[in-house]
Structure formats: C-alpha cells, structure tokens
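Here's the letter readout for the chains.
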Amino acid sequence: MDRKIGKRIVAIAALLLGASTANTALAAEGAPHWGYHGAEGAEKWGDLSKDFATCKLGKEQSPIDIKSKEVEKAKLDKIVFNYQPSKLNIANNGHTIQLDYDKGSSITLGKDRYELLQFHFHTPSEEEIDGKEFDLVAHLVHKSADGKLAVVAVLFDRGEENKALKAYWDKLPRESGETRALPKSQINAADMLPASRDYYTFKGSLTTPPCSENVRWLVLKNPVTVSKDQTTSFRKIYPLNNRPVQALNGRKVQVGGD
Ligand SMILES: [Zn+2]
C-alpha cells in the first residue's frame, strides 16, 4: 500500500475514534481483528478487546431500526449541505470501501458546523426503516471543530442505476489495504443526496469497533436508487458488512416536517 495514503487512513481512523497518540500506534500495529462473521463477528466485538467494550456495554448503539410510527415529530434545524467537489481517493480499508474527502466541505445545522471527512458503504444497509433493509447505505462522516461526530446516512433502494456511484464504481479497489488516488477525477458527494433533505435523527455510535458513542445520526428519510448490478459489484468485494440493529434503550428518534 502507498505508505503516505496508508498513514492518512490511520490518521483519519484515529480522528474518528478521537484516539490518543498511543491508540494511533495501536491502530497501526496491533489493533484486534474484527469482521462480520464467526469469531470476529458483530456479536463478539465487545469481547475482542477492552477497547471495544462499548460495543457490548453501550446503551446508545448504532445502527437502529427506525419505526416510522413511533418517531417524534419535532422542529428540527435543516441540514445545509456545503459540499464542494473533491479529488477521488478510494481506499479498501479491510472493512469497507471508503472515499476520503478533500478539506472544505461541511454541513451545518443551526449553529453547528461539521466538516466532511469521508464517506463509505455498507451492504445491506445498516439502518432499517420499519424493519426494511435496503441494498446499500452510504455513511458520510463529519466532525466539528470541537471533535463531535455527525454521520449522514443515505439509503439506496433497488431500482435505477445510480449515476453518482457510476462515476467511480468500476474503480473500487478490490484488495484489503489497496488505495487508489485519482487526482484528475473529481466527485461531489452532493450528487449522491436525495432531492428531499428530510431526516430522522437520534443519538448513536460508530457502527464499527470501538463503537464510540455521542455520534449525531442524521438518516435521510428518502432513499436514492442503486441498480442490482451496482450492488452486486460491491458485494463481490464485501458480500456483507453491516452490523445488526441495536436496542433503542429508550432513545427518541425525531423527524422534522409538518
Ligand atoms: Zn458506516
């Protein structure tokens, strides 16, 4: 793997975890293996390492099944997307395909601003709506200046080919650890968003170890489409990389609108 990009992935992982320098070294050299099957599967994450204890002990874990009849209607700030084009940097990080995003793109909700760091995919979707799993979900990971995370989830329902994905879908790195930097190709994450910006929101966690909490989840209510062939292409690399839904434990899910 390109060493510079590899370091950058570790650095971004560390950012996401809010990790200390010591943890960064651990992530680089000896973090426990985890996956989605068997002894390293999602049910076991909390036992694989002390650092992953929140995966089993946390009370505000993600993903969740959003029960549309039980959500609380609320007056919510609109998500304002300030997304700029970015160079194309794709990584297969061993758990998903991740696109690292150039600096300078953000979302704002009221006074809160979060910078877009990266987005990545899970199949089937991690978030469910009324028990329905979608073919794919994109998680757009953002971080505020004071270190708080906000993740926007875009659900992909089976249908028409997705044009935003089409721009780079044939360039996905197949091998774990493989990265592709294509500085001459530009993408814009805004192309992936549905027309309606209505969303569900709740407090949750990272959906991968160490399952850290205090993540502000923003799940866009309306899915976009993905073709069967596009999902199949992704599943040739990652057949299944979704954590099962977690208990709500009394958390409220809110939705805006009239
Ligand atoms: Zn994710």
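Below is a short write-up of the structure. Owing to the predicted nature of the structure, the values given are computational and were not obtained by experimental measurement.

1. So, the side chain of Asn162
Thinking step 1. Relative to the assigned elements, Asn162 resides in the loop between strand E11 (149-158) and helix H5 (163-166).
Thinking step 2. Judged by relative accessible area, which is 6%, Asn162 ranks as buried.
Thinking step 3. Within the structure, the side chain of Asn162 is placed 3.0 Å from the backbone nitrogen of Leu165, a separation counted as a polar contact.
Thinking step 4. In terms of polar contacts, Asn162 uses its side chain to reach the backbone carbonyl oxygen of Thr225, at 2.8 Å.
Thinking step 5. Setting aside residues no more than four positions away along its own chain, Asn162 makes contact with Phe156, Val224, Thr225, Val226, Ser227 and Gln230.

2. What to know about unusual backbone geometry
Thinking step 1. Omega for the bond connecting Ser62 with Pro63 falls within 30 degrees of zero, at 0°, which places this linkage in the cis form.
Thinking step 2. Residue Thr123 is joined to Pro124 through a cis peptide bond whose omega torsion reads -15°.
Thinking step 3. With respect to the helices and strands, Pro124 occurs in the loop between strand E7 (112-122) and strand E8 (128-129).
Thinking step 4. The backbone of Asp130 shows a phi angle near 50°, a positive value even though the residue is not glycine.
Thinking step 5. Inspection of the secondary structure puts Asp130 in the loop between E8 and strand E9 (132-133).
Thinking step 6. Look at Asp130 and you get partly exposed, because its relative accessible area is 47%.
Thinking step 7. Residue Cys211 is not a glycine yet carries a positive backbone phi of 60°.

3. Description of the environment of Gln84
Thinking step 1. Mapped onto the elements of the fold, Gln84 is located in the loop between strand E3 (80-82) and strand E4 (86-92).
Thinking step 2. Residue Gln84 is classed as partly exposed on the basis of its relative accessible area, which comes to 42%.
Thinking step 3. Note: C-alpha distance between Gln84 and Ser105 (21 residues apart in sequence) is 5.5 Å.
Thinking step 4. With residues up to four places along the chain from it excluded, the contact list for Gln84 reads Tyr101, Gly104, Ser105, Ile187 and Asn188.

4. As for the packing of aromatic side chains
Thinking step 1. Enumeration according to the criterion identifies 14 aromatic pairs in this entry.
Thinking step 2. Measuring from ring centre to ring centre gives 5.2 Å for Phe121 and Trp169, while their planes differ by 85°; the resulting arrangement is edge-to-face. Of the two residues, Phe121 is situated in strand E7 and Trp169 in the loop between H5 and strand E12 (179-187); the sequence distance between them amounts to 48 residues.
Thinking step 3. Overall, the relative accessible area of 9% leaves Trp169 in the buried class.
Thinking step 4. An aromatic cluster of at least three residues, connected via ring pairs, comprises Phe81, Tyr83, Tyr101, Phe119, Phe121, Phe156, Tyr168, Trp169, Phe234 and Tyr238.
Thinking step 5. Lys132 extends its terminal NZ or CZ atom over the ring of Phe134, reaching a point 4.9 Å from the ring centre.

Definitions and cut-offs
- Residues numbered from 1 in each chain as written.
- Predicted model: local features only at pLDDT ≥ 70, side-chain atom pairs only at ≥ 80, totals over all residues.
- Heavy atoms only, no water.
- Helix = DSSP H or I, 4+ residues; strand = E, 2+ residues; numbered from the N terminus.
- Buried < 20%, exposed > 50% of the residue type's maximum accessible area, 1.4 Å probe, protein only.
- Polar contact = N/O pair within 3.5 Å; in protein donor to acceptor, adjacent residues only side chain to side chain.
- Contact = heavy atoms within 4.5 Å.
- Phe/Tyr/Trp six-rings, centres within 6.5 Å; stacked < 30°, edge-to-face > 60°.
- Lys NZ or Arg CZ within 6 Å of the ring centre and 35° of its normal.

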